[in-house]
Amino acid sequence: MAKSKGIPFSRIFEVAGAMKMAQDRSESSVKVEVLVGAGAPADEISAMKRCFVPETARAHVLVWDLSSRAETAPDADTDLAVVLVGTQPKEAAQIALACARRKCGCIFVVPSALEAPQELPRELEGTVDIVAAAGEEAILSKLALALAAQEERILLAAAFPFCRKAVASALVRQSALANMGVGAISLIPGSDLPIMLAEQERLALDLMGVYGKKPGPEAAADLAGVFGAGFAYRAIARTLAGAVPGIGWALKASVAYGGTVLSAWAVETHLAGDMPEIWSNIQEFVSAMAGAQGGEAAPEHQEQEQPRIVPLAQATLPEAPKDEGDGYITLS
């Protein structure tokens, strides 16, 4: 007798735990210290002014002169230190060492990789992210990627919108790869679904955190949509695996990856408020396709002029062309 699979309570508990974690995270604070070194370029300073403007009351940003804080920064409750190195690589290295000891993220901002501190202690290897860029837009783009690699990236994204897309992309990629692995190595039919659903629900909750949303009643629709889509992806994977024997594992892995990305895109689009614009674009596309197939339609409420038939005797004919005598006919 086959053993019943039963209800995957462990996965239900995982999702419940993820919801509790998301709720706790929504009530947590995040603190960033920006330390400006002597000689820091104006575009770096301008970029910091643009990006580190907190959107939530639980986010705190402190800006210091690097020289005055090299011995004491960062504070014990700081989550991230961003150092504009300028002409003070030694002081920047001191900050990085203090961050490593206090388990605090550290990012160096420099105009180019050649200007980054070259002689960092061995214990700092892999603990400092380098943002090497010139120009505000380039700095913001690379800084967003650096924030997406931080431990508190969800809190940082909720507080500073400029890095939300980068953080969301990193979370989606991580979950999609995890589900792809589950789909590829699943040994017991049906055992992969609860695992992948739990991962997708956890991802949806993380995306809500990225956009500063609490997992309340409004989140139920997104979570329900992700849950329902998971069963649709399983049906697609089974159909493809049955149609193409021998590579079923690869097809299942591909559907798991693509399904996770698609569900995450739908959730993120809803959270970002882009759904009305996307729906409008879809409607315009459908209308354009319909017009291409049916030809150009006449504008609505515009009457087409119909030809009239009148007796030849009543018709007004144009005057005959005049011959000027030079071989050319002049039309008047």
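Residues numbered from 1 in each chain as written. Predicted model: local features only at pLDDT ≥ 70, side-chain atom pairs only at ≥ 80, totals over all residues. Heavy atoms only, no water.

A look at the overall build of the protein
Note the threshold: Starting at the N terminus, helices and strands are each numbered in turn, a helix being any DSSP run of H or I of at least four residues and a strand any DSSP run of E of at least two. The buried label applies to any residue whose accessible area, calculated with a 1.4 Å probe on protein chains only, is under 20% of its type's maximum; exposed applies above 50%, and partly exposed to all values in between. Contacts are assigned to residue pairs with any non-hydrogen atoms lying within 4.5 Å of each other. Here the accessible surface of atoms and residues is derived via Shrake-Rupley with a 1.4 Å probe, and residues count as covered only by protein chains that are part of the display.
Looking only at helices and strands, one finds 11 helices and 7 strands in the protein. Across the 332 residues in the protein, those meeting the buried criterion constitute 36%. Residue pairs at least 24 apart in sequence account for 68% of intrachain contacts in the protein once pairs closer than 6 positions are excluded. Accessible surface, the protein as shown: approximately 20200 Å² in total, 59% of it carbon and sulfur.

Digging into the state of the cysteines
Short version of the rule: Cysteine sulfur atoms that come within 2.5 Å of each other are treated as a disulfide pair.
Within this structure, the stated rule accounts for 0 disulfides. For Cys99, which is in no disulfide, the shortest distance to another cysteine sulfur is to Cys104 and amounts to 4.0 Å. Among the residues examined, Cys99 registers a relative accessible area of 0% and is labelled buried. Its relative accessible area of 8% is what places Cys104 among the buried residues.

Things to note about unusual backbone geometry
Backbone torsion omega between Ala73 and Pro74 reads 0°, so that peptide bond is classified as cis. Of note, Pro74 is situated in the loop between helix 3 (66-69) and strand 3 (80-84). Of note, the phi angle at Lys103 is positive, near 60°, even though the residue is not glycine. Here Lys103 is to be found in the loop between helix 4 (89-101) and strand 4 (105-110). Given the relative accessible area of 74%, Lys103 is considered exposed.

A few points about the sheet that holds strand 3
Spelled out, the test is: Should DSSP find at least two bridges between two strands, the strands are regarded as paired. In this description, a line fitted to the C-alpha atoms serves as the axis of each element, helices being fitted only across the stretch in contact, and the angle between N-to-C directions of two axes falls anywhere from 0 to 180 degrees.
What the 5 strands build is an open sheet, ordered 2-1-3-4-5; its pairing is parallel. The sheet terminates laterally at strand 2 (59-65) and strand 5 (128-132), the two strands that pair on one side only. Here the strands of the sheet are splayed against their neighbours by 20° on average, with no regard to which way each runs. Where strand 1 (residues 30-36) meets strand 2, 7 bridges bridge the pair, whose relative direction is parallel. Paired with Val34 across the bridge in strand 2 is Val63. Across the sheet, helix 5 (residues 136-147) touches strand 3, strand 4 and strand 5, and the angle it forms with strand 5 is around 165°.

Quick notes on helix 4
Owing to its 3.6 residues per turn, the α-helix aligns residues three or four sequence positions apart on the same side. The following threshold applies: By this rule the span expected of a helix is its residue count minus one, scaled by 1.5 Å.
Between the first and last C-alpha of helix 4 there are 19 Å, a value that for 13 residues agrees with the 18 Å anticipated at 1.5 Å per step. Check the buried side of helix 4 and you find it contacts strand 1, helix 3, strand 3, strand 4 and strand 5. A positive backbone phi angle near 60° is found at Lys103, which sits one or two residues after helix 4.

Description of the pattern of salt bridges
Note the threshold: Here a salt bridge means any side-chain nitrogen of Lys or Arg lying within 4 Å of a carboxyl oxygen belonging to Asp or Glu.
Applying the stated criterion to the full structure yields 9 salt bridges. For Lys31, the salt bridge is made with Asp75, and the minimal N-O distance between the two is 2.9 Å. Of this pair, Lys31 sits in strand 1 while Asp75 is found in the loop between helix 3 and strand 3, placing the two residues 44 residues apart along the sequence. Relative accessible area serves as the criterion here: at 12%, Lys31 is assigned to the buried category. Since its relative accessible area comes to 22%, Asp75 is described here as partly exposed. The closest approach of N and O atoms between Asp77 and Lys31, which form a salt bridge, is 2.9 Å. Taken together, the residues span a long stretch of sequence, with Asp77 in the loop between helix 3 and strand 3 and Lys31 in strand 1 at a distance of 46 residues. When salt bridges that share partners are traced, they join Lys31, Glu33, Arg69, Asp75 and Asp77 into one network.

Notes on the packing of helix 9 (residues 220-243) against helix 10 (residues 248-272)
Test applied: Angles are sorted into four bins: roughly parallel if under 35 degrees, roughly antiparallel if over 145, roughly perpendicular if 65 to 115, and oblique for all others. Crossing handedness: left-handed means the near helix sits turned counterclockwise from the far one by under a right angle, and right-handed means the same turn made clockwise. In this count, Pro and Cys sit with the nonpolar residues alongside Ala, Val, Leu, Ile, Met, Phe, Trp and Tyr, while Asp, Glu, Lys and Arg are called charged and the others, Gly among them, polar.
Running from amino to carboxyl end, helix 9 crosses helix 10 at an angle of 155°, the nearest separation of the two axes being 9 Å. The angle between helix 9 and helix 10 places the two elements in the roughly antiparallel class. Note that helix 9 runs across helix 10; the crossing there is right-handed. Residues Asp222, Val226, Ala229, Tyr233, Ile236, Ala237, Leu240 and Ala241 of helix 9 touch helix 10, and the partners they reach there are Gly248, Leu251, Lys252, Val255, Gly259, Leu262, Ser263, Val267, His270 and Leu271. Among the residues forming the contact of helix 9 with helix 10, the class breakdown is 12 nonpolar, 4 polar and 2 charged.

Description of the nonpolar core
Basically, it comes down to this: Buried Ala, Val, Leu, Ile, Met, Phe, Trp, Tyr and Cys residues that are joined via side-chain atoms within 4.5 Å together make up what is termed a nonpolar core.
Counting 52 residues, the largest nonpolar core has Val32, Met48, Phe52, Ile107, Leu143, Leu147 and Leu207 as the members making the most contacts within it. Setting aside residues no more than four positions away along its own chain, Met48 makes contact with Val34, Val82, Leu84, Ile139 and Leu143. Core analysis: the second largest hydrophobic core is formed by 19 residues, Val83, Val85, Cys104 and Ala116 among them.

Quick word on the side chain of Thr260
To be explicit about the condition: Polar contacts, as used here, are pairs of N or O atoms within 3.5 Å; protein pairs need one atom able to donate a hydrogen and one able to accept it. Residues neighboring in sequence count only if both atoms are side-chain atoms.
Looking at the element boundaries, Thr260 is found in helix 10. Thr260 gets classed as buried once you look at its relative accessible area, which sits at 1%. Polar contacts involving the side chain of Thr260 include one to the side chain of Asn179, which spans 2.9 Å. One polar contact links the side chain of Thr260 to the main-chain carbonyl oxygen of Ala256, over a distance of 2.8 Å. The contact partners of Thr260, leaving out residues within four places of it in the chain, are Ser175, Ala176, Asn179, Gln200 and Leu203.

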